[in-house]
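# Architecture at a glance
Spelled out, the chains give:
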Amino acid sequence: MARGETGPDFIEALARGLDVIRAFQPGRPVMSLTEVATAAGLARPTARRILLTLQELGYARPERGGFALTPRVLELGVSYVRSMGLWEVARPHLERLVTQTRESSSIAQLDGSDIVYVARVSVPKIVALSVQIGIRFPALQTSLGKVLLAALPPAEVERVLSEPSRSGIEPRWRPDAKEREAALRTVRAKGWAVTDEQLALGIRSVAAPLRDGLGNVIAAVNVNAHAAETSIDQLTEEHLPLLLKTASAISADWAAYDAVPHVTAS
């Protein structure tokens with residue numbers, strides 16, 4: 001995969017291994033050696049050695065004449081979340097919010113032009129898109145992404161959205177620059193964002209920012225509902241006040257958590 005200039009300490013073998021893991025996109029759980037090599041931009045022998053190494057470490061397995069990743073890959077993302085401590089701080093608040101709204105709630109962060117889910121408490125409902133930790137969605141078409149994009153300077157928004165999405169999803173809403181800027185101005189003015197089936201049919205949500213002790217937006221939290229069951233009025237008039245209260249509580253707890261020195265035993 002394309003990379004810019006690298007420094008003298010850059011480890012090419014590690015980068016190639018990550019390229020192979022990232023080659024497995026949504027809808028492609030099993031890939032042949034040739035497909036992996038092509039997607040990762042590697043020679044077949046190199047891709048084969050990396051896949052066999054991942055297999056020996058438990059991150060990949062042979063399947064149906066090709067290779068598939070194993071659930072152990074999720075440990076890489078979970079390590080990130082655990083290292084932040086954000087899940088431990090947010091969990092009781094998300095669980096309370098889900099109990100109050102009877103709707104699912106998630107936390108996401110921005111990664112390029114996508115959002116990535118880092119925490120979630122769900123209720124059993126059938127929705128158009130499956131949501132789980134680590135999944136990516138195009139940022140602009142989600143309430144979580146709108147909140148995160150609105151927190152960036154305009155020039156940074158342009159740079160971020162110039163990156164191609166790695167979600168594998170084609171969103172329904174494709175605004176031009178003027179419409180996009182107007183939408184983000186509205187989010188900045190209100191302090192929260194809503195999306196109504198802009199990503200996919202049946203998905204409706206409202207989101208608010210999570211901030212650190214300096215007021216910087218570090219993530220976003222939402223309430224997600226099925227459009228056939230929850231109206232926009234119900235989402236903004238009933239669920240939004242509870243969401244804003246939850247976001248404020250998580251932000252306050254995170255600021256307190258982050259202010260305490262964390263020492264690990266050697």
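Summary of the structure given here. The model shown is predicted, which means the values in this text are computed figures rather than measured ones.

### As for the pairing of strand S2 (residues 60–63)
Across four bridges, S2 lies against strand S3 (residues 66–69) in antiparallel orientation. Pairing of Ala 60 across the sheet is with Leu 69, part of S3. Turn length for the S2-S3 hairpin, with the two strands adjacent in sequence and antiparallel, is two residues, and the turn residue Arg 64 shows positive phi of about 50°.

### Comments concerning the sheet that holds strand S6 (residues 136–138)
Here we have six strands laid out as an open sheet, ordered S6-S5-S4-S9-S8-S7, and antiparallel in their pairing. A single partner strand is all that each edge strand has here, and the edge strands are S6 and strand S7 (193–196). Strand-to-strand twist across the sheet, computed as the mean angle between neighbouring axes with direction ignored, equals 35°.

### Concerning the packing of helix H7 (residues 154–161) against helix H8 (residues 177–190)
As a packed pair, H7 and H8 sit with axes 12 Å apart at the nearest point and diverge in direction by 125°. Overall, the two elements H7 and H8 adopt an arrangement that is oblique. The two elements H7 and H8 cross, and the hand of that crossing is right-handed. Residues Val 157, Glu 158 and Leu 161 of H7 pack against Arg 180, Glu 181, Leu 184 and Arg 188 of H8.

### Digging into the layout of surface pockets
One number sums up the size of the second largest pocket: a volume of about 290 Å³. For the lining of the second largest pocket, the per-class residue count stands at nine nonpolar, five polar and four charged.

### Overview of a nonpolar patch on the surface
Together, Ile 11, Leu 14 and Leu 18 give the surface a local cluster of nonpolar side chains, amounting to about 280 Å² of exposed area. If you trace the backbone, Leu 14 turns up in helix H1 (residues 12–22).

### Some remarks on the packing of helix H6 (residues 143–150) against H8
Remark: H6 packs on H8, axes separated minimally by 9 Å, with the N-to-C direction vectors making an angle of 80°. Compared by their axis directions, H6 and H8 come out roughly perpendicular. Contact with H6, carried on its side by Lys 146, Val 147, Leu 149 and Ala 150, involves Leu 184, Val 187 and Arg 188 of H8 and no other residues of that element. By residue class, the composition of the contact of H6 with H8 is five nonpolar, no polar and two charged.

Each value, and the rule that gives it
Within each chain, residues carry numbers counting from 1 in the order of the written sequence. Per-residue local features are limited, in this predicted model, to residues with pLDDT of at least 70; the limit for side-chain atom pairs, both in listing and counting, is 80 or more; totals at the level of whole chains, interfaces and linings are taken over all residues. Only hydrogens and water are set aside when side-chain values are computed; all heavy atoms of the structure are taken into account. For two strands to pair, DSSP has to find at least two bridges joining them. Each helix is a run of DSSP H or I of at least 4 residues and each strand a run of E of at least 2, with the numbering of both proceeding from the N terminus. In this description, a line fitted to the C-alpha atoms serves as the axis of each element, helices being fitted only across the stretch in contact, and the angle between N-to-C directions of two axes falls anywhere from 0 to 180 degrees. An angle below 35 degrees is treated as roughly parallel, one above 145 as roughly antiparallel, one from 65 to 115 as roughly perpendicular, and anything else as oblique. In this scheme the crossing of two helices becomes right-handed for a clockwise turn of the near helix relative to the far one and left-handed for an anticlockwise turn of less than a right angle. Residue contacts are defined here by distance: any two heavy atoms, one from each residue, within 4.5 Å place the two residues in contact. For cavity detection a 1 Å grid was placed over the protein atoms alone, and a set of points counts as a cavity when a 1.4 Å probe fits there but cannot get out; an open set counts as a pocket when protein lies on both sides within 12 Å along at least five of seven lines, with lining residues being those that have an atom within 4 Å of a point. Grid points are joined across faces, edges and corners, and a volume is the space filled by probe spheres set on the points. Any residue outside Ala, Val, Leu, Ile, Met, Phe, Trp, Tyr, Cys, Pro, Asp, Glu, Lys and Arg is labelled polar, Gly included; the first ten of those are nonpolar and the last four are charged. For patch detection, residues must exceed 30% relative accessible area and be free of salt bridges, and they are connected within 9 Å for like charges or within 5 Å for nonpolar side chains (Val, Leu, Ile, Met, Phe, Trp, Tyr). Computed with the Shrake-Rupley method and a 1.4 Å probe, the accessible areas treat only the protein chains shown as cover for residues. Salt bridge, as used here, is a side-chain nitrogen of Lys or Arg placed within 4 Å of a carboxyl oxygen of Asp or Glu.

Just geometry here; none of it tells us what the structure is for.
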